[in-house]
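Residue-level structural notes
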Amino acid sequence: MRLISMMIAAAVVASPVFAQQAQRSSNPQGVQIQGNTNIAAENKNVAAVAVGEGNEAKNTTGAIKGGTQIQGNTNIKASQKNAVAVAVGKNNSAANEAGVIGGK
């Protein structure tokens, strides 16, 4: 669980560095950002569990997802504490999302 938290924290810390310049994706579902984007996010004691076929459980904090176009300055300040997402059964999904812009 600590490994997951550290990986999420590393991705969040690296996000503002990559988002400072205009990003364009050849994929129509990609993210396009023009302007400054600042993301300050924090996860504490998070867990995501998926059991069964085709399930999805996730904890997402401070993210810009695919299919998003942002022009101008964007500030995301998000925090989750003791968040748990559990999906049990066929074709179920559960998510805790704080400070998330964009699609699935």
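Look up: the structure comes first, before these words.
Structural notes, computed from the coordinates. Note on numbering: residues in each chain are counted from 1, in written sequence order. Owing to the predicted nature of the model, reporting of local features is limited to residues with pLDDT of at least 70; listing and counting of side-chain atom pairs is limited to 80 or more, with chain, interface and lining totals taken over all residues. Values shown for side chains rest on all heavy atoms present in the structure; no hydrogens or waters enter the calculation.

Quick look at the overall build of the chain
Along the chain, the regular secondary structure elements total 1 helix and 8 strands. By the criteria applied, helices consist of DSSP H or I runs no shorter than four residues and strands consist of E runs no shorter than two, each listed in order from the N terminus. Each helix (α) and strand (β) of the chain, taken in turn from the N terminus, gives the series α-β-β-β-β-β-β-β-β. Expressed as a percentage of the 104 residues in the chain, the buried residues total 30%. For the chain, the exposed area adds up to about 6700 Å²; of that, 52% sits on carbon and sulfur atoms. For every residue, the accessible area obtained with a 1.4 Å probe (protein chains only) is divided by the maximum for its type, and the residue is called buried under 20%, exposed over 50%, and partly exposed between those limits. Each accessible area is a Shrake-Rupley result for a 1.4 Å probe, and residues are judged covered by the shown protein chains and nothing else.

A closer look at the nonpolar core
Remark: nonpolar core denotes a set of buried residues (Ala, Val, Leu, Ile, Met, Phe, Trp, Tyr, Cys) joined through side-chain atoms within 4.5 Å. Judged by nonpolar contacts, Val-31, Ile-33, Ile-39, Ile-64, Ile-70, Ile-76, Ala-78 and Ala-98 together constitute the single largest core of 8 residues. Residues within four places of Ile-70 in sequence aside, it is in contact with Gln-32, Ile-33, Gln-34, Ile-64 and Ile-101. Whether two residues are in contact is decided by their heavy atoms, any of which lying within 4.5 Å being enough.

A few points about the pairing of strand β6 (residues 74-81)
Here β6 shows one buried face, formed by Thr-74, Ile-76, Ala-78 and Gln-80, and one open face, formed by Asn-75, Lys-77, Ser-79 and Lys-81. Pairing between two strands is assigned when DSSP locates at least 2 bridges connecting them. Note that strand β2 (residues 37-44) and β6 share 8 bridges and pair parallel. Each bridged residue has a counterpart across the sheet, and for Glu-42 the counterpart in β6 is Ser-79.

Section: unusual backbone geometry
One non-glycine residue, Asn-45, adopts positive backbone phi at about 50°. Here Asn-45 is to be found in the loop between β2 and β3 (47-51). A relative accessible area of 55% means that Asn-45 is categorised as exposed. A positive phi angle is found at Asn-91, which is not glycine, with a value near 60°. By the element assignment, Asn-91 lies in the loop between β7 (84-88) and β8 (93-101).

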